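Below, each chain spelled out in residue letters.
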Amino acid sequence: MKKLSARRRHPLAAVVVLLLALAATGGLYAAFAPAGTAKADETAQSLAIEEGKKLYSVGCASCHGTGGQGTSDGPSLVGVGSAAVDFQVGTGRMPAQQPGAQVPRKKVIYTQAEIDQLAAYVASLGAGPAIPKPGQYNPEGADIAKGGELFRSNCAQCHNFTGEGGALTYGKYAPSLEGVSPKHLYEAMQTGPQNMPSFPDTTMPEKQKKDIIAYVQAVNSDKADNPGGLKLGGLGPVSEGLFAWIFGLGALIAVAVWVAAHTAKAKKS
Amino acid sequence: MSTVTNTKKAPAGERIADWADGRLGIYTLAKANMRKIFPDHWSFMLGEVCLYSFLIIILTGVYLTLFFHPSMNEVEYVGPYVPLQGQLMSEAFNSTMHISFEVRGGLLIRQIHHWAALIFLAGMFVHMMRVFFTGAFRKPREINWLFGFLLFFLGMFTGFTGYSLPDDLLSGTGVRFMQGAILSVPIVGTYLSMFLFGGEFPGGDFVARFYSAHVLLLPGIMLGLVVAHLILVFVHKHTHFEGPGRTNKNVVGMPLLPVYMAKAGGFFFLVFGVIAVIAAVASINPIWALGPYRPDQVSTGAQPDWYMGFAEGLIRVMPGWEINLWGHTLVLGVFIPLVIFPLVLGAIAVYPFIESWITGDKREHHIAQRPRNAPTRTAFGVAWITAYMIMLVGGGNDLWATHFHLSINAITWFVRIFFFAGPVIAFIITKRICLGLQRRDKDKVLHGRESGIIKRLPHGEFVEVHQPLSQGERYKLTAHEQYEPAELPPAVDENGVERKIGRLQKLRVKLNQGYYGADNQVAKPTAEEFREIESGHGHH
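Fair warning: this is a prediction, and the values are worked out from it, not measured in the lab.

K.L.:
Mind showing me how you'd approach the overall build of chain B here?
P.N.:
Of the regular secondary structure elements, chain B holds 21 helices and 10 strands. Projected onto its principal axes, the C-alpha positions of chain B cover 95 × 90 × 65 Å. Counting across all 540 residues of chain B, residues that qualify as buried make up 39%. Sequence separation of at least 24 residues holds for 73% of the intrachain contacts in chain B that already meet a minimum separation of 6.

Written as structure tokens, this is what we have:
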């Protein structure tokens, strides 16, 4: 104790106290905040909007404007709905790292609780599609084959036969759907992020979205099996051709060199 | 068995051979060919890779025909692959699904068949380039070169008709692509398309028609060409590289029986083994993932197999020009690629005849040249490959874009420019490299190989010790023939009358000088030069 009190005038004492205080409040916040948002009453909702607004002003306002009205660097968020926020922030696309042809998927930097708060705030700016409930996107029991047909009719043009992704003009692209969660798949179809067209319930009912999600999960996820062996990226003849040239013909030429090097020798007499 | 007959009776093998000889006359045939000599070099086995993969394709193909139904009748899928259950599809697709999931070994055989096809075409490409760069297409082998080229060309279309048969979404897109190309032909395009598909695309006929072409017509012609190709190899005998004891009049190597029979037989199983391993490990054309063809559906990343990638590239990078005249549309954006496609392939096919016209060389050649000793030809070959490869990049422009994070438009422009500029650059660079290598050979012959040993002489000078080449090595580097460039005859003849020199002749002389002119080959060292250096003080 004596040691501690002796150093209470130390120049760094204030910094230490500050750090302790910050750690304490942060810890307490982390411990209690999720419980707060879980409550679905009116006060929790307004609290979420309040918190979301704070997060928004720090992380989003520089491009989307202080009131979500949009600027020259980012579109207006009025009416995009909470589903759009949940998708963009939940897949790490937002906040964007840099301007470019397209904002890529990257590490998610907000917790789900913070994303919910941001979504609540953006949703409060104007009515838009809401974050779907698990019952809406859960592919359990959906018609996979029907989903495949819908996928080939509506999605394959850009995302490839099994959702491996593909190129669009000027450096834009349709991303791979591998490892995308059912919720995010649903939200993407609902809101049409970036270059994707949106498929609202009026053109693509909830059931069809479920079927598509079930199909994508069946052919392009950890659970998907590849009866033919290595799928070589699922990209079709280009990767197959490269494989045939490099490993097929390459191996055969190596074998030919080996055979030619081991020629019959004349008998020594 | 009595001992008397036993001594008189020949061994069983001999009796069978005798029996067969009496009826087939195999003795003379075998006598002439059993001791046929084949030279040893790994690059001479590329043709064998093609032959064996062709055999593997035929064998596996026969198995596939046992289960495949070449019909476009619509059926509902009830097989074990869940993501397609209940979908409507053609019987062709359905039976291919059946082969892949229910026939014992069906998927493996299908994959062997398809992988072998890709390797067959790749093998032919490399084999053709080997023959090209070693000048092995020269007299007397020009016809055989054409046979080989025809095999490659027909192989492309056999492959195309083959991968179209399952009637999956990818191949259906390819068939539509081809139909579009046919439609772009002025005047007759529509008629051709209607004739080929039996009506409007896709109709109900094309699978059955492609099937006869794929299993009967095209492979039949190819088999005939393969036999003719091999007979000509026997007739001409194989070429061999320069070396001591190897001349234009002999072949140095091993006899067909027993050495080459054993080697080639073993090599067949090695080729089969490699292809089978690949087919067992890596998936190819997974039609279950692609889904059945429907004209209203399409996927991104729809490319043909690699050997058609060149055609795909031409269409992809061609600007979408069209002319509308009197109510008719001329789709140049598709028709021009359709014209360029055979022109580029034809350029390599007719090259032997062009070269022999330019060089005026009508003698027989049985010595394979080293590519560096024919710089202009080598440069032309590399230029041709460059154009081909750049178009392959164009055919896969979307995958280049996504995998290298580039703009597809930038890639398309790159391909448009470098389809023309690339070959020119490649030509110049290759020629310089060849000439450089020729100079290096000359240096090696005259001064020996650099040993890396530095010696200090008594008076302080440092010299690198060069190791002289063996006589055999020197022979190898100097045995190639060098030609004198052609000259135009004097402008006036001996009577002072102006000579008429045709434009064609002027062109020929100009091109000939491009082959053999002063700047286009390095004079090989002469024996005098060598002796002069040898008689000196050893190093310099």
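Text resumes after the structure shown.
K.L.:
Looking at this structure, I do not really get the overall build of chain A. What am I missing?
P.N.:
When you go through chain A residue by residue, the secondary structure sums to 12 helices and 2 strands. Each helix and strand of chain A, placed in order from N terminus to C terminus, yields the pattern α-α-α-α-α-α-α-α-α-β-β-α-α-α. Compactness check: chain A gives a C-alpha radius of gyration of 27 Å against a globular reference of 18 Å for 269 residues, more than 25% above the reference. Its C-alpha atoms give chain A principal-axis dimensions of roughly 100 × 65 × 40 Å. Looking at chain A as a whole, 39% of its 269 residues are labelled buried. Considering only contacts in chain A between residues 6 or more positions apart, those separated by 24 or more positions represent 66%.

K.L.:
Would you explain the environment of serine 43 of chain B in this entry?
P.N.:
Its location among the elements puts serine 43 of chain B in the loop between strand 1 (37–38) and helix 4 (46–65). When the C-alpha positions of serine 43 of chain B and arginine 176 of chain B are compared, they lie 39 Å apart, and in sequence the two are 133 residues distant.

K.L.:
Whenever I open this one, the UniProt feature "transmembrane region" (unreviewed entry) in chain A confuses me. Can you help?
P.N.:
The positions UniProt marks with the feature "transmembrane region" (unreviewed entry) are residues 242–261 of chain A. A distance of 27 Å separates the end C-alpha atoms of residues 242–261 of chain A, which is 100% helix and 0% strand.

K.L.:
So what exactly am I meant to see when it comes to the interface of chain B and chain A here?
P.N.:
Accessible area lost upon the coming together of the parts is a frequently used measure of interface size. At the junction of the two partners, chain B supplies 60 residues and chain A supplies 52 residues. Looking at the side of chain B that touches chain A, the elements with two or more residues in it are helix 4, helix 6 (106–133), helix 8 (169–183), helix 11 (256–281), helix 12 (287–290), helix 17 (397–404) and helix 18 (408–447) of chain B. A per-element tally of the side of chain B that touches chain A places helix 11 of chain B first, with 10 residues.

K.L.:
When you look at the UniProt feature "domain: Cytochrome b/b6 N-terminal region profile" (unreviewed entry) in chain B in this model, what are you seeing that I'm missing?
P.N.:
Summarizing the sequence annotation, UniProt attributes the feature "domain: Cytochrome b/b6 N-terminal region profile" (unreviewed entry) to residues 16–242 of chain B in the numbering used throughout. Helix makes up 68% of residues 16–242 of chain B and strand makes up 4%, while its end C-alpha atoms are separated by 42 Å.

K.L.:
What am I meant to see in the domain arrangement of chain A here?
P.N.:
All names here are of chain A. Domain boundaries in chain A define domain 1 (14–129) and domain 2 (132–227). Its C-alpha centre places domain 1 at a distance of 26 Å from the equivalent point of domain 2. At the junction of the two partners, domain 1 supplies 14 residues and domain 2 supplies 14 residues. Here the residues of the side of domain 1 that touches domain 2 sort into 7 nonpolar, 5 polar and 2 charged.

K.L.:
Help me out: how do you make sense of the nonpolar core in this one?
P.N.:
Nonpolar side chains tend toward joint burial in soluble globular proteins. Counting residues in each nonpolar core, the largest one holds 161 residues, and the members touching the most others are Val122 of chain A together with Trp115, Ala116, Ile119, Phe120, Leu121 and Ile275 of chain B. Leaving out residues up to four positions away in the same chain, phenylalanine 120 of chain B has contacts with Cys50, Ser53, Phe54, Ile57 and Gly155 of chain B.

K.L.:
Even after reading the chapter, I still don't get helix 4 of chain B, so can you show me in this structure?
P.N.:
Owing to its 3.6 residues per turn, the α-helix brings residues three or four apart onto one side. Taking 1.5 Å of rise per residue, the 20 residues of helix 4 of chain B would be expected to cover 28 Å, and the 28 Å separating its terminal C-alpha atoms lies within 8% of that figure. Judged by how many residues are buried, helix 4 of chain B sits mostly within the fold: 14 of 20 residues are covered.

K.L.:
Any chance you could explain unusual backbone geometry here in plain terms?
P.N.:
Apart from glycine, the bulk of residues carry a negative phi angle, and the bulk of peptide bonds sit in the trans form. Omega for the bond connecting lysine 139 of chain B with proline 140 of chain B falls within 30 degrees of zero, at 10°, which places this linkage in the cis form. The topology assignment puts proline 140 of chain B in the loop between helix 6 and helix 7 (142–164). Cis geometry is found at the peptide bond from phenylalanine 201 of chain B to proline 202 of chain B, where omega equals -10°. You can see proline 202 of chain B is positioned in the loop between helix 9 (189–197) and helix 10 (206–236). Even without being a glycine, tyrosine 170 of chain A presents a positive backbone phi close to 45°. Located in the positive-phi region is tryptophan 326 of chain B, a residue other than glycine, with phi close to 45°. Inspection of the secondary structure puts tryptophan 326 of chain B in the loop between strand 6 (323–325) and strand 7 (328–330).

K.L.:
For this particular structure, what's the right way to read the pairing of strand 9 (residues 449–456) of chain B?
P.N.:
Put simply, side chains in a regular strand alternate between the two faces of the sheet. Residue and element names in this part refer to chain B. Judged by how many residues are buried, strand 9 sits mostly at the surface: 0 of 8 residues are covered. Summarising the sheet, strand 9 and strand 10 (residues 462–467) pair through 6 bridges and their orientation is antiparallel. Looking at the pairing, arginine 449 lines up with glutamine 467 of strand 10. In this structure, the hairpin formed by strand 9 and strand 10 is closed by a connection of 5 residues, where glycine 460 is found at a positive phi of approximately 105°.

K.L.:
Help me out: how do you make sense of the packing of helix 13 (residues 309–317) of chain B against helix 18 of chain B in this one?
P.N.:
Geometry of a packed helix pair, given as the angle between the helix axes and the separation of the axes. All names here are of chain B. One way to put it is that helix 13 packs onto helix 18 with a least axis distance of 10 Å and a crossing angle of 110°. In terms of their interaxial angle, helix 13 and helix 18 are classed as roughly perpendicular. Note on element contacts: helix 18 touches helix 13 through Thr412, Val415 and Arg416, opposite Gly313, Arg316 and Val317. In terms of residue class, the contact of helix 13 with helix 18 is made up of 2 nonpolar, 2 polar and 2 charged.

K.L.:
When you look at the domain arrangement of chain B in this model, what are you seeing that I'm missing?
P.N.:
Residues and elements named next belong to chain B. For chain B, the assigned domains are domain 1 (47–369) and domain 2 (445–491 + 498–535). Just the C-alpha atoms count here: the centres of domain 1 and domain 2 sit 43 Å apart. Every contact between the two is made by 8 residues of domain 1 and, on the other side, 11 residues of domain 2. When grouped by side-chain class, the residues that make up the side of domain 1 that touches domain 2 number 3 nonpolar, 4 polar and 1 charged.

K.L.:
What should I look at first to understand the UniProt feature "domain: Cytochrome c" (unreviewed entry) in chain A in this one?
P.N.:
All names here are of chain A. Taking the numbering used here, the UniProt-annotated feature "domain: Cytochrome c" (unreviewed entry) corresponds to residues 47–126 and 142–220. Taken end to end, residues 47–126 is 51% helix and 0% strand, and its two terminal C-alpha atoms sit 18 Å from one another. End C-alpha to end C-alpha, residues 142–220 measures 16 Å, and it is 49% helix and 5% strand.

K.L.:
It is not clear to me how the environment of tryptophan 42 of chain B should be interpreted in this structure. Could you clarify?
P.N.:
Structurally, tryptophan 42 of chain B is set in the loop between strand 1 and helix 4. Between the C-alpha atoms of tryptophan 42 of chain B and tryptophan 19 of chain B, which are 23 residues apart in sequence, the distance is 38 Å. The contact partners of tryptophan 42 of chain B, leaving out residues within four places of it in the chain, are Ala256, Val257 and Ala260 of chain A.

K.L.:
I would appreciate a short explanation of the environment of arginine 499 of chain B in the present structure.
P.N.:
Residues and elements named next belong to chain B. Along the chain, arginine 499 falls in the loop between helix 19 (471–478) and helix 20 (503–516). Residue classification places arginine 499 among the exposed positions, given that 10 C-beta atoms sit within 10 Å. Along the primary structure arginine 499 and lysine 237 are separated by 262 residues, whereas in three dimensions their C-alpha atoms are 44 Å apart. In this view, arginine 499 contacts Pro489, Pro490, Ala491, Val492 and Asp493; residues no more than four positions away in its chain are not counted.

Conventions and cut-offs
Residues numbered from 1 in each chain as written. Chains lettered and ligands numbered in written order. Predicted model: local features only at pLDDT ≥ 70, side-chain atom pairs only at ≥ 80, totals over all residues. Helix = DSSP H or I, 4+ residues; strand = E, 2+ residues; numbered from the N terminus. Buried ≥ 20, exposed ≤ 12 C-beta atoms within 10 Å, placed from the backbone. Contact = placed C-beta atoms within 7 Å. Rg over C-alpha atoms; globule rule 2.2 N^0.38 Å. UniProt positions renumbered as here; feature names shortened; annotations may be inferred. Domains from an automatic or database assignment. Nonpolar A, V, L, I, M, F, W, Y, C, P; charged D, E, K, R; others polar. Core = buried A, V, L, I, M, F, W, Y, C linked by C-beta atoms within 7 Å. Expected span 1.5 Å × (residues − 1). Pairing = 2+ DSSP bridges. Axes fitted to C-alpha atoms, helices over the stretch in contact; angles between N-to-C directions. Parallel < 35°, antiparallel > 145°, perpendicular 65-115°, else oblique.

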